[in-house]
Structure formats: C-alpha cells, structure tokens
Amino acid sequence: MAAVIPKVSELVQKASEALLAEYGCEAETAVCAPGRVNIIGGHTDYNEGFVFPMALPLVTVVVGKKTSDGICCIKTLMPSADEPRMVEFQVPTAENPLKPSKPYWANYVKGVIQNFHGPVSGFVAVVNSSVPLGGGLSSSAALEVATYTFLEAITQDPAESLKAKALACQKAEHTFANMPCGIMDQFISTMGKAGNLLFIDCRTLESKCVALDDPDIVILITNSNVRHTLRGSEYPLRRIHCQKAAVMLGMKSLRDAAIEDLEKYKDCMSDTMYRHARHVITEIKRTQDCEVALVNKDYQNFGRMITECHYSLKNDFEVSCPELDELVALAVEVPGVFGSRLTGGGFGGCTITVVKQDSVDAVMSHIKEKYRGTPTFYVCQPSEGARILQL
Ligand code: GLA
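Procedures and definitions
Residues numbered from 1 in each chain as written. Predicted model: local features only at pLDDT ≥ 70, side-chain atom pairs only at ≥ 80, totals over all residues. Heavy atoms only, no water. Near = heavy atom within 4 Å. Polar contact = N/O pair within 3.5 Å; in protein donor to acceptor, adjacent residues only side chain to side chain. Areas by Shrake-Rupley, 256 points an atom, 1.4 Å probe, with all protein chains shown as cover. Nonpolar A, V, L, I, M, F, W, Y, C, P; charged D, E, K, R; others polar. Domains from an automatic or database assignment. Phe/Tyr/Trp six-rings, centres within 6.5 Å; stacked < 30°, edge-to-face > 60°. Helix = DSSP H or I, 4+ residues; strand = E, 2+ residues; numbered from the N terminus. Buried < 20%, exposed > 50% of the residue type's maximum accessible area, 1.4 Å probe, protein only. Lys NZ or Arg CZ within 6 Å of the ring centre and 35° of its normal.

**A closer look at the site of the ligand**
Inference 1: Taken together, the neighbourhood of the ligand is formed by 14 residues, with His43, Asp45, Gly182, Asp185 and Tyr235 sitting nearest.
Inference 2: A distance of 2.6 Å separates an oxygen atom of the ligand from a polar side-chain atom of Asp45.
Inference 3: In the environment of the ligand, an oxygen atom lies 2.6 Å from a nitrogen or oxygen atom belonging to the side chain of Asp185.
Inference 4: Out of a free accessible area of 310 Å², the ligand has 95% covered by protein chains.
Inference 5: Of the residues in the shell around the ligand, the class split is 5 nonpolar, 6 polar and 3 charged.
Inference 6: Two domains each put at least three residues into the shell around the ligand: domain 1 (8-211 + 383-389) and domain 2 (217-380).

**A closer look at the packing of aromatic side chains**
Inference 1: Across all of its chains, the model carries 6 aromatic pairs by this definition.
Inference 2: Between the aromatic rings of Phe50 and Phe199, the centroid separation amounts to 5.1 Å while the plane-to-plane angle is 5 degrees, which identifies the pairing as stacked. One end of the pair, Phe50, is in strand E2 (residues 50-51); the other, Phe199, is in strand E7 (residues 196-201), with 149 residues separating them in the sequence. Like Phe199, Phe50 is buried.
Inference 3: Between Tyr299 and Phe338, the aromatic rings sit 5.8 Å apart at their centres with planes inclined by 45 degrees, giving tilted as the arrangement. Of the two residues, Tyr299 is situated in helix H9 (residues 299-315) and Phe338 in strand E10 (residues 337-342); the sequence distance between them amounts to 39 residues. An identical accessibility class is assigned to Tyr299 and Phe338; each is buried.
Inference 4: A network of ring pairs unites the aromatic residues Phe50, Phe52 and Phe199 as a single cluster.
Inference 5: For Lys110, the ring lying beneath its charged end belongs to Phe89, and the centroid distance is 5.4 Å.
Inference 6: Across from the ring centre of Phe317, 5.6 Å away, lies the NZ or CZ of Arg238, which sits over that ring.

This is the structure in structure tokens:
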C-alpha cells in the first residue's frame with residue numbers, strides 16, 4: 001500500500017537517457033541529495049533552537065557533464081515543475097550576476113550557482129527526483145544541495161566545509177526563492193547519515209548522530225496531498241513574531257528564554273504572540289528531551305513528545321490544518337504507534353508517524369479508510385545525505 005520508492009540508480013538511468021536525447025552526450029557526473037523529515041523541533045531552527053531531522057531515501061539526482069562554452073543548460077524531468085522545463089543561461093560574472101526569474105524551479109539552481117564558493121564552469125545537466133514537489137519534504141533543499149554537489153564534482157572544488165555548503169544553499173533559498181527558511185533542511189540534506197537522526201544545535205551548527213536503526217521501528221510518512229495557500233505568507237510572519245517576542249523579553253532569540261521568562265511578559269503581549277512564543281520555548285525543551293529518550297531507546301516517551309509537538313504546533317503556533325490534524329488523530333488510534341505529527345512548515349504537506357514495523361500496515365489501512373482525502377504513504381528509515389554517485 002505504501003508507494004514504491006524508486007532506486008537512485010533508476011532515477012540516474014532516466015536522467016542519463018534524457019541527457020543523451022536532449023543534449024546528445026553521455027553523463028560524466030551524477031550526484032544526489034535527499035529530502036528530509038523533521039522528527040521533532042518544529043519551527044525552532046530560526047529561533048536558534050534544536051532540531052532532530054533525518055534524511056530520506058527520496059532523493060533528487062543531477063546528472064550531466066562539464067562544458068567549455070560558459071553556458072549552463074539544465075532540464076528537469078519533474079512533471080510538476082513549472083514550464084519551461086528546460087533553461088539555458090550564461091555562467092554568472094561580477095558584472096552579470098544571475099537573478100531570479102521564471103520558471104521558478106530553476107531559481108533553486110541559479111541561486112546555488114550564484115552562491116557557489118568558487119568559479120563555475122558551463123555544463124549540461126538533467127534533474128530527476130523522487131521527492132514530491134511542494135509536499136513538505138524539502139524538495140527545494142534537495143535540489144539546492146544536489147546542484148551544489150554537482151558543481152563541486154564538475155569543478156573538482158569541494159566546499160571548505162559541509163556547514164559552509166549548507167549555508168550557501170540556505171542563502172540561495174533566501175535570495176532566489178524569497179523563502180526566509182532556517183538552516184535545518186539544507187543541513188540535513190548535506191549531512192544526513194543512514195540509520196541516524198541528526199540532533200542539530202541551530203545556534204552553533206554543531207550536530208551529532210543519534211541512532212534510529214531498530215529494524216522493528218519505521219517512520220511512516222503520510223502525504224495529505226493538500227497544500228493551503230496560507231503557507232507562503234504565514235512562515236515569514238511566524239519568524240517576525242518570534243523575533244519580536246525575543247526582543248520584548250530582552251533576549252537575542254527565544255532559545256535563551258525559559259517559560260518563566262515568558263510568563264513575566266504575558267500581559268505585555270498579544271495572546272497570539274504569547275502562544276507562538278510558548279510553542280517555541282516548549283518545543284526547544286521537548287526536542288532536547290526527545291533526543292535523550294531516543295538515546296535511551298525509550299520509544300514510548302519519544303513518541304509521546306512527538307504527538308505533543310503536533311498539538312503545540314496546532315494550538316499554540318497555529319500552523320496545522322484540518323487534514324493534518326485528522327491524519328495525526330487517526331494514526332495515534334492504532335496500537336503500535338508511538339507518536340505522530342505534522343512535519344515541515346505546516347498548512348498541508350506530510351505527517352510522520354513513528355510506528356512498530358508490524359503495525360505499519362494497520363496504520364495505513366486505518367488512514368486510508370477514514371481520511372477525508374487521498375493520502376500517499378512512504379515507509380522510510382533514516383538515509384544518507386548528499387553524495388557523488390558512481391556511474
Ligand atoms: C520549513 C523551513 C525550515 C523549518 C521548518 C519548520 O521546512 O524550511 O527551515 O523552519 O519549515 O520547522
């Protein structure tokens with residue numbers, strides 16, 4: 001019942017065939033970068049808090065070849081990308097930098113080229129992906145990080161560090177997609193490790209791997225297949241709200257605040273700002289506690305906090321929607337489920353459910369029978385971050 005996740009080699013094969021058909025050349029370089037789910041730590045990254053994501057077996061591949069004519073030619077095979085699906089532009093120079101334009105999908109590629117740490121050469125390339133576009137699984141970060149990895153490979157000029165690479169990709173998203181995202185998505189797509197979640201301190205950018213490799217436990221991703229239009233405008237507003245609340249508390253960010261600090265200022269702020277700040281402060285603590293629970297293999301508490309996170313995102317932070325609430329409520333009804341929550345920015349997209357392997361079919365049947373929409377399921381385990389592939 002779960003969707004079959006295509007093998008990376010199949011994605012590469014299709015992209016290589018398209019490269020030959022479109023540009024008349026054989027692939028010399030192939031790379032991939034994964035999408036992600038965040039297990040806990042919702043909307044904490046831009047508050048300098050902690051996040052606890054994992055890389056997915058759903059990936060974006062870029063396959064191609066370096067050229068010497070100073071032209072970047074790129075085609076996407078993603079049917080849901082906006083038209084045209086093939087673009088060409090000059091390698092940027094100081095006088096002629098790249099600027100965002102249509103089609104939107106190509107802005108992620110252009111933004112990364114513009115923010116690459118060294119000189120870029122021309123290339124021909126084809127993008128293919130198993131990360132659903134706009135489903136809250138970070139298809140944009142996967143494209144950015146895959147593009148960066150492709151440029152590193154063709155120029156043989158790796159980034160100074162993986163952190164620098166993730167930061168350049170985040171800058172591409174800020175400046176070319178106009179999305180003021182935190183660092184989580186690009187970080188995990190760059191640094192994910194198979195069998196592990198990554199516990200990231202978004203203030204220091206230090207991270208550590210925590211194993212989630214028990215074969216009896218899987219992560220079920222349920223795509224609600226809805227996306228509410230609020231999504232785009234609400235994210236920047238939440239960011240501003242959090243920043244304003246921190247300023248009111250006399251702090252650099254909500255990372256520094258304890259719930260007692262917030263209580264002192266409760267009467268000076270609107271109820272909305274109070275609840276938004278309360279989500280962030282409690283969520284940063286929950287994320288730390290969740291890491292401890294996973295280290296202790298205490299899946300009951302691990303899952304309980306994940307579900308608590310969902311209700312905090314719904315009631316306090318107000319980024320859920322009826323479809324996601326329904327998916328979470330249905331999932332936690334099934335025995336064998338430890339916890340469930342929306343993942344990503346909210347207002348649609350996906351939920352994650354931490355569940356015993358032998359209960360996952362029951363969860364999917366239950367949701368399929370009761371959910372008002374048409375869900376898509378992926379059964380996943382934590383996977384590897386971006387890499388150059390052997391052809
Ligand atoms: C989006 C952003 C991330 C993060 C999440 C919410 O995915 O890109 O940086 O803020 O929302 O946790």
